[in-house]
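# Observations on chain architecture
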Amino acid sequence: MRLSLSFSMQLAPLPVFLQQVYGEHSGFSKSCSRRLRGDVTRLLPLASLWLAVLDTCTSISKAISSSEAPVKEKHARRIILGTHHEKGAFTFWSYAIGLPLPSSSIISWKFCHIVHKILRDGHPNVLQDCLRHQSNIREMGSLWGHLHDKYGQLVVIYSLLLNNKMNFHAKQTQFPGNLELQDEELEKAAGTDINNVFQLTVDLFDYLDCELKLAETVFRQLNTSIAVSQTSSGQCRLSPMIQVIQDCSHLYHYIVKLLFKLHACLPVETLQGHRERFHDQFHSLKNFFNRARDMLYFKRLIQIPKLPDSPPNFLRASALAEHVKPVVVMSDDVPDDEEPEALIEVASAPQTQQQNVVDMFDQAFGPPSNGFDDRDVQIDNLKREVEMLRAELERIKSEAQRYITQLKSQINSLEAELEEQRTQKQKALVENERLRMELESLRRQRAEGESQLGQVLEAEKRAQATEQRYKQLKDKHNDLVSRHAELLRKSADTSKMLSATQQSQEEVARTKQQLAFEVEQVKQASEMKIEEQNVQLERLRRELEASRAELSHIQSKLQSSEQSGQKLSSMLGSLQEEEGVLRKKMAQQEVELCSLKSEVQQSQSSLQRVRERSSRELGELQGKLREKLSQEDLLQQKLLDEQFRLLQGTVAEAENIIQDAVARLDDPLHVRCTSSPDYLICRAEATLSSINSVQRGHAEYLKNMGDAGSLVRPLTQFAHLTADTIVNGSATAHLAPTDHADKLTDSCRDCGNVSLQFLKDMKTKQSLAHASPEAIILIIEKILQLGKDLRPRSMDFNQEELGDMVDKEMAATSAAIEEAVRRIEEMMDQARKDSSGVKLEVNERILNSCTNLMKAIHLLVMASTELQREIVDSGRGAATQKEFYAKNSRWTEGLISASKAVGWGATQMV
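Numbers given to residues run from 1 along each chain, matching the order in which its sequence is written. Confidence filtering applies because this is a predicted model: local features only for residues at pLDDT of at least 70, side-chain atom pairs given and counted only at 80 or more, and all residues used for totals across whole chains, interfaces and linings. The side-chain values count all of the structure's non-hydrogen atoms but skip hydrogen atoms and water molecules.

## Points about the overall build of the chain
Keep this limit in mind: In this description a helix means any DSSP run of H or I spanning at least four residues, a strand means any run of E spanning at least two, and both kinds are numbered starting from the N terminus. Three labels apply to residues, based on accessible area from a 1.4 Å probe with only protein chains included: buried if under 20% of the type maximum, exposed if over 50%, partly exposed otherwise in between. Any pair of residues with heavy atoms lying within 4.5 Å of one another is described as a contacting pair. The Shrake-Rupley method, run with a 1.4 Å probe sphere, supplies the accessible areas, and residue values consider only the shown protein chains as cover.
Helix and strand content of the chain: 29 helices and 2 strands. Taking all 910 residues of the chain together, the buried fraction comes to 42%. A sequence separation of at least 24 residues applies to 82% of the contacts in the chain between residues at least 6 apart. Approximately 49,500 Å² of the chain is accessible, and the part contributed by carbon and sulfur atoms is 52%.

Here is the structure:
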């Protein structure tokens, strides 16, 4: 780039430059002036080529910039014209390789846009140049695929589209880059083999899929609620859609033509997949065209065609005549942010440039003359010198070509090595990111393990060894983090060395270009001098034959010829001096090349050492990471076993508690225990609540078997509450009527059996997932209902009737006791009549005991009645007796229940 700028600055003031070079020879003949004019005229194509290269590089730097704005059309046109000048894209790729594509998604997006444009409208040789750099495009897309960036997502899809486009055109060489084919050319490209037509259709389908996917992704990122096409960010995304629209219109037309041809040769069932795929693409393409047609940005640049309302019917051959080829028309209007300029191709105006050069020579040296001086001797000497210079020039050319070949090979090897280093660096960055994520996951797992171990209070002794191992793992983790940081620092040093190597490579490339330019300049100048001298020699020979008749006139001008010879000798000396200067420059450049070569070798060796050390350290880190992962798996498995053993211990203890409660049902000592229905209801409701907690804990344990605390606590509470419900149910049955007592006892026994079965299912891992307490819930609900049935029905009476019921129940109890005493007396009288002796004595004793018991019960009822009256009198205050009973309904219900129990017991005893 700097070489091009310096050359441009030297060429700008051409008359001044020529006067500086040839000013000291202003007295030589007009023939030399004409020869110089011819030399510069022949140098004009080379200067034009360098100017075109300079213009292309400037346009590339302006088009592919980091600003979020669309690529200007004038810059794109200059780049495309540059590909036609040099018949390829060598200059573009030489500049594009140095772009910071991995660091800027916007630059990568614009780079893909320019590549798409030169593939469409550039020289046909652009495809081969782009195929040589296809791996760069693929790696760029792969890199941005690992990052979360909006432009990066677009770059990934655009790189896939460009790779697909290059592969398609490399495979189908009949299709140009802009996809513009006549129908006859399409028929010729498809051929007569139906298999080739089928495969070509599939390739076109894939091509169109990539185009539509890019368009869909771009529109998805745009905010349709505002005029996004009028903003610079929106236009930056939308500008490549112009090429996508042009490609899609041609692809759609070609697919329709080929599908009609396939349906004419193949069965309908075979092409069912082709028709379905075409219908999907048709609707997507129509939606894309409609959305683009509504945007202001496209209205001033391109005329988008309209697709039919429904896709073509390929089952009807006559539908092909109804198909209309969609034609995209580009607008001639220049956008507002650009100024129209005349882009003059250098090769198209050689005559104008030559005329300008001739005018400049006329200004510097005057108009040409038709007369020539006779300089036979000087011309012969000059001819010998020219031959010597030609031989020397050939030698210099061969040496320069050899140096150029060596430099090219070295540059190619350096480029390959640099590309490999970039790949290794990207892989190292990806691997470091993966290791960091794995370390974060290990850290989270360790934190979860520590929290789980803290929750298990009963397993503290067993968890000490695990905690020590976790501490060791933490120390090793810190060591791994420090090594990871050191590896990152080494990676940064490697990046710096890579950048230094890249700068050295760029300097080598610039030196190579400068050498090539100087060699080419010397070559062109020498060739043009030789040709001009040959022409002059021919002319001099003809003039020599004419001048022999005028020998006397020539002898009179011999002195002037000698002076001219001296001038020519001085000019020859100046040429020799210039040759010496060129040789010195070449020697200096050789020295610089040797130094650069040594620096590159040193950088290569250092990079190789760094890469080997990085790979070795990376292997060690991976081995340690795998070892730590295996240790973590062992610790996790041991933790799961500990948690399951803790659960089994809890289940075994719960079984013992419930078995003890079931055993009390048949314990004779338990017959004396009694309980109220209210307490039984309270225990049953608490048991149901604990069962719900067990269900939640069971579900949480199945999701995370490393934490048994969520199931151990509710399971322990469930065992105690279930056993309490069974024991209190049996105690309540002791005071209940016979039917209710039998049902309640059987329900308690069933509750114990079902609970033991549920705990049995909790013992093994196979049946743990299927263990369900639904049967226990049904039994507990049944016990709860029986308890509610045994409760006094005090709520059925109002406050006025509650006090009357107390008196009635107390009176009924007294009456039942008196009736029992009367019946016992009758039984005693009957026993005296029917028995005698020992039997009579035994019966009398039994009946006397019953009589005494009844009297004691009667005294107890009377005392309780008196006590109840005192309690009522002392606690009711200003309230009446009935209001006191209603206010203390629980106490009243207990009194009524006790009265009923006493009366029922007296009746049952008789």
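Past the structure itself, the notes keep going.
## A look at the packing of aromatic side chains
The test is simple: Here a pair means two rings of Phe, Tyr or Trp (six-membered ring of Trp) with centres within 6.5 Å. Their orientation is stacked below 30 degrees between planes, edge-to-face above 60, and tilted elsewhere.
This model, assessed by the stated rule, comprises 16 aromatic pairs. Three or more aromatic residues link up through ring pairs in this structure, and these residues are Tyr252, Phe260, Phe278, Phe282 and Phe314.

## Quick word on the confidence of the model for the chain
Stated formally: Each residue carries a pLDDT score, the predictor's confidence in it, ranging from 0 to 100.
Averaged over the chain, the pLDDT score is 75; the fraction of residues at 70 or greater is 69%. Taken as a whole, residues 334-361 scores under 50 in pLDDT and shows 33 contacts with residues more than four places along the chain or in a different chain. Scored below 50 in pLDDT, residues 363-373 makes 21 contacts in the model with residues more than four places away or belonging to other chains.

## A word on the nonpolar core
If you look at soluble globular proteins, the nonpolar side chains tend to sit buried side by side. Let me state the cut-off plainly: By nonpolar core we mean a set of buried residues, namely Ala, Val, Leu, Ile, Met, Phe, Trp, Tyr and Cys, connected to one another through side-chain atoms within 4.5 Å.
Counting 87 residues, the largest nonpolar core has Phe92, Phe111, Phe288 and Phe298 as its most contacted members. Ranked by residue count, the leading element in this core is helix 13 (residues 241-265), at 14 residues. Ignoring sequence-local partners within four residues, the contact set of Phe111 consists of Ile64, Phe92, Trp93, Ala96, Leu99, Leu101, Ile137 and Met140. Leu647, Val651, Ile681 and Leu688 belong to the second largest nonpolar core, which has 46 residues in total.

## Focus: the pattern of salt bridges
Defined as follows: The working definition used for a salt bridge is a side-chain nitrogen of Lys or Arg within 4 Å of a carboxyl oxygen of Asp or Glu.
A full pass over the atoms with the stated rule returns 18 salt bridges. The shortest N-O distance in the salt bridge between Arg683 and Asp724 comes to 3.3 Å. Of this pair, Arg683 sits in helix 21 (residues 677-703) while Asp724 is found in helix 22 (residues 709-733), placing the two residues 41 residues apart along the sequence. For Arg683, a relative accessible area of 18% puts it in the buried group. The network of salt bridges with shared partners includes Arg120, Lys165 and Asp247.

## As for the state of the cysteines
Stated precisely, the cut-off is as follows: The definition used for a disulfide is geometric: two cysteine sulfur atoms within 2.5 Å.
Counted under the stated rule, the structure contains 0 disulfides. No disulfide involves Cys751; its sulfur sits 7.0 Å from the nearest other cysteine sulfur, which is in Cys748. Judged by relative accessible area, Cys751 falls into the buried class, the value being 0%.

## Considerations on the side chain of Glu655
Tracing the chain through its elements places Glu655 in helix 20 (residues 558-664). Those residues within four positions of Glu655 in sequence are excluded, and the remaining contacts are Leu756, Leu759, Lys760 and Lys763.

## Focus: unusual backbone geometry
Positive phi, normally seen in glycine, also occurs at Lys87, with a value near 55°. Along the chain, Lys87 falls in the loop between helix 4 (73-86) and helix 5 (90-96). Note on Lys87: relative accessible area 53%, which makes it exposed. The residue Leu179 is not glycine, and still its phi comes out positive at about 65°. Here Leu179 is to be found in the loop between helix 9 (150-171) and helix 10 (183-190). Overall, Leu179 belongs to the buried group, its relative accessible area being 0%.

## Some points on the environment of Ile780
Within the secondary structure, Ile780 sits in helix 25 (residues 774-790). For Ile780, the residues in contact, after removing those within four places along its chain, are Ala684, Thr687, Leu688, Ile691, Thr725 and Cys751.

## Remarks on the packing of helix 11 (residues 194-221) against helix 14 (residues 272-293)
Let me state the cut-off plainly: Think of each axis as a best-fit line through the C-alpha atoms, taken over the contacting stretch in the case of a helix, with angles from 0 to 180 degrees between the N-to-C directions. Rotating anticlockwise by less than a right angle from the far helix to the near helix defines a left-handed crossing, while the corresponding clockwise rotation defines a right-handed one. When residues are sorted by character, Ala, Val, Leu, Ile, Met, Phe, Trp, Tyr, Cys and Pro go into the nonpolar class, Asp, Glu, Lys and Arg into the charged class, and all the rest, Gly among them, into the polar class.
Contact geometry of helix 11 with helix 14 gives a least axis separation of 10 Å together with a crossing angle of 35°. The way helix 11 lies across helix 14 gives a crossing that is left-handed. Contacts between helix 11 and helix 14 pair Phe198, Thr201, Val202, Phe205, Asp206, Leu208, Asp209, Leu212, Ala215 and Phe219 from the former with His274, Arg277, Phe278, Gln281, Ser284, Leu285, Phe288, Arg291 and Ala292 from the latter. In the contact of helix 11 with helix 14, the residues fall into 11 nonpolar, 4 polar and 4 charged.

## Comments concerning helix 23 (residues 738-761)
Filter applied, for reference: In this analysis, the expected span of each helix is defined as 1.5 Å times one less than the number of residues it contains.
In a regular helix each residue adds 1.5 Å, so 24 residues correspond to 34 Å; helix 23 covers 35 Å between its end C-alpha atoms and thus fits that length. Turning to helix 23, its buried residues are Ala741, Leu744, Ser747, Cys748, Cys751, Gly752, Ser755, Leu756, Phe758 and Leu759.

## A short note on the environment of Gln182
Here Gln182 is to be found in the loop between helix 9 and helix 10. Residue Gln182 is classed as exposed on the basis of its relative accessible area of 52%. In this structure, the C-alpha to C-alpha distance between Gln182 and Tyr254, residues 72 residues apart in sequence, is 9.9 Å.

## Quick word on the packing of helix 13 against helix 14
Quick reminder of the rule: Oblique is the label for any angle not under 35 degrees, not over 145, and not in the 65 to 115 range, which are roughly parallel, roughly antiparallel and roughly perpendicular in turn.
It is the contact of helix 13 with helix 14, at a shortest axis distance of 11 Å, that shows an interaxial angle of 150°. Relative to helix 14, helix 13 is oriented roughly antiparallel. The two elements helix 13 and helix 14 meet at a crossing, and its hand is left-handed. From helix 13, Met241, Val244, Ile245, Cys248, Ser249, Tyr252, Ile255, Val256, Leu259, Leu262 and His263 reach across to helix 14, where they touch His274, Arg275, Phe278, Gln281, Phe282, Leu285, Phe288, Phe289 and Ala292.

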